[in-house]
Amino acid sequence: MQKIVLFGECMLELRQGGEGNIMHRSFAGDVFNTAVYLKRAFFEHQVSFMSGVGHDVISQELAANCQAEGLQTSLLRRSASHNPGIYLVQTDEHGERSFLYWRENSAARQMMKLLDDDIRNTVCKADLFFFSGISLAILAPEDRATFWQFLSELQEAGVTIAFDPNYRARLWQSEDDARHQFSLAFAASAIVLPGIEDFATLYGHQTLEDVVAFCAPFNIKELIIKNGPSSVFCKTEYCHFSLPVEPVKNVVDTTSAGDSFNGVYLGARQAGYDIKLAVELAAKAAGLVIQFPGAIVPNENFSELIRAQLLAFEHQAS
Ligand code: AMP
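Residues numbered from 1 in each chain as written. Predicted model: local features only at pLDDT ≥ 70, side-chain atom pairs only at ≥ 80, totals over all residues. Heavy atoms only, no water.

All right, on to the overall build of the protein then. When helices and strands are counted, the protein shows 12 helices and 13 strands. Compactness check: the protein gives a C-alpha radius of gyration of 19 Å against a globular reference of 20 Å for 318 residues, within 12% of the reference. Over its C-alpha atoms, taken along the principal directions, the protein stretches across nearly 55 × 50 × 40 Å. A burial count over the protein gives 53% of its 318 residues as buried. In the protein, of all internal contacts separated by at least 6 residues, the share reaching a separation of at least 24 is 70%. Averaging the coordinates of the 25 positive side-chain charges in the protein and doing the same for the 38 negative ones gives two points 3 Å apart. (Helix = DSSP H or I, 4+ residues; strand = E, 2+ residues; numbered from the N terminus. Rg over C-alpha atoms; globule rule 2.2 N^0.38 Å. Buried < 20%, exposed > 50% of the residue type's maximum accessible area, 1.4 Å probe, protein only. Contact = heavy atoms within 4.5 Å. Lys, Arg positive; Asp, Glu negative; His and termini not counted. Charge placed at Lys NZ, Arg CZ, Asp CG, Glu CD.)

One pass over the structure, following the stated rule, counts 28 aromatic pairs. Aromatic pair Y37 and F302: ring centres 4.8 Å apart, planes at 50°, arrangement tilted. Linking Y37 in helix 1 (residues 30-41) with F302 in helix 12 (residues 299-317), this pair joins segments that are 265 residues apart in sequence. You'll find Y37 and F302 in the same group, each marked buried. The cationic tip of K39 hangs over the ring face of F43; the distance from NZ or CZ to the ring centre is 4.2 Å. (Phe/Tyr/Trp six-rings, centres within 6.5 Å; stacked < 30°, edge-to-face > 60°. Lys NZ or Arg CZ within 6 Å of the ring centre and 35° of its normal.)

This part covers unusual backbone geometry. The phi dihedral of N166 is positive, around 35°, even though this residue is not glycine. Structurally, the position occupied by N166 is in the loop between strand 9 (160-164) and helix 7 (175-188). Since its relative accessible area comes to 9%, N166 is described here as buried. A positive phi angle is found at S256, which is not glycine, with a value near 80°. Looking at the secondary structure, you find S256 in the loop between strand 13 (240-244) and helix 10 (257-270).

Along strand 8 (residues 128-132), five of the five residues are buried, which leaves the element largely enclosed by surrounding structure. Side chains L128, F130 and S132 project from strand 8 onto one buried face, and the interleaved F129 and F131 project onto a second face that is buried too. Where strand 8 meets strand 9, five bridges bridge the pair, whose relative direction is parallel. Its bridge partner being in strand 9, S132 is matched across the sheet by D164. (Pairing = 2+ DSSP bridges.)

This part covers the nonpolar core. Formed by 55 residues in total, the largest nonpolar core has its most connected members in I224, F261, Y265, L266, V279 and F302. For this core, the element with the highest residue contribution is helix 11 (residues 275-289), accounting for 10 residues. Beyond its immediate chain neighbours, meaning those up to four positions away, Y265 contacts L193, E222, I224, I275, A278, V279 and A282. (Core = buried A, V, L, I, M, F, W, Y, C linked by side-chain atoms within 4.5 Å.)

Within the structure, the ligand sits among 16 residues, and G228, E246, V248, A286 and I290 are positioned closest to it. At 2.8 Å, a backbone N or O of G228 approaches an oxygen atom of the ligand. Take V248: an N or O atom from its main chain is 2.9 Å from a nitrogen atom of the ligand. Those elements giving two or more residues to the shell around the ligand turn out to be strand 11 (222-227), helix 10 and helix 11. Ranked by the residues each element gives to the shell around the ligand, the list is headed by helix 10, at three residues. When grouped by side-chain class, the residues that make up the shell around the ligand number 11 nonpolar, three polar and two charged. (Near = heavy atom within 4 Å. Polar contact = N/O pair within 3.5 Å; in protein donor to acceptor, adjacent residues only side chain to side chain. Nonpolar A, V, L, I, M, F, W, Y, C, P; charged D, E, K, R; others polar.)

This paragraph deals with helix 1. The first and last C-alpha atoms of helix 1 sit 17 Å apart over 12 residues, in line with the 16 Å expected at 1.5 Å per residue. Of all 12 residues in helix 1, 12 are buried; the element is thus mostly enclosed. Buried within helix 1 are the following residues: D30, V31, F32, N33, T34, A35, V36, Y37, L38, K39, R40 and A41. (Expected span 1.5 Å × (residues − 1).)

Written out as structure tokens, the structure is:
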């Protein structure tokens with residue numbers, strides 16, 4: 001069993017639509033989605049979601065939702081004065097989605113102020129720690145030093161650090177600010193799982209080669225670059241290769257494609273699968289997730305796909 005900690009924000013998701021234009025409630029957030037899919041695919045890992053919540057009823061539901069997904073909640077901390085963020089997804093008559101957020105004052109943003117020795121000791125014993133550019137973006141500038149200090153304690157303790165930049169311009173004060181924080185994250189991370197668009201938007205990179213050249217000076221052991229339906233590029237200290245993705249025809253909602261990819265990839269790697277099989281499984285999982293609305297798809301469909309794919313791997317190997 002591997003101990004995996006994922007640090008980020010989970011919000012109440014409100015989704016309007018369908019018959020009667022009813023408001024559906026669920027919980028989502030990039031790192032939370034990753035945690036859910038990791039645990040669903042590889043139940044044997046101990047997966048903890050680290051975040052800030054409040055004392056309110058939504059926070060209780062959020063924690064219960066984590067537990068229902070099999071996530072450990074011992075690294076959730078309660079803010080006395082803050083509550084979870086909320087976002088509303090609306091879909092217009094052409095199927096175009098728009099998002100409205102209420103997250104500026106969320107409890108997750110308080111997490112570095114809520115960090116205690118219990119969290120430090122627990123996470124230092126983990127095998128893997130995952131965070132994203134969104135986890136970074138929501139931290140108050142005065143809390144960043146605490147985060148980087150925490151991360152260096154994890155590195156010293158031998159915890160593998162994994163990062164997805166997941167760049168969201170509106171969450172950052174400036175591009176320079178994001179670039180500076182990302183450079184610290186790239187320097188600290190052994191595994192980096194970016195989408196190619198992050199680099200195009202933030203660094204103006206035109207090609208995959210630009211991205212690979214940019215990442216070269218960092219000591220990244222596993223660089224896995226997601227390029228939508230086109231391919232996934234993998235680079236380690238020893239080799240590099242591109243793997244094809246089977247494009248999905250019936251794309252319903254691409255929310256959480258990268259998150260589900262990350263969760264399944266990291267879970268598979270921690271379970272001992274090689275990079276190629278881990279990417280294959282992760283791409284299959286992401287391909288399924290985008291055929292359903294919302295960030296978190298029905299568990300039955302997801303688990304069935306993972307089980308079938310893992311069986312197929314076993315047959316290939318025998
Ligand atoms: P992205 O964040 O758009 O690069 O997508 C993350 C992952 O989701 C990709 O690496 C693919 O594995 C998968 N994916 C995204 N879009 C598609 C698509 N249209 N068809 C199949 N897989 C997709």
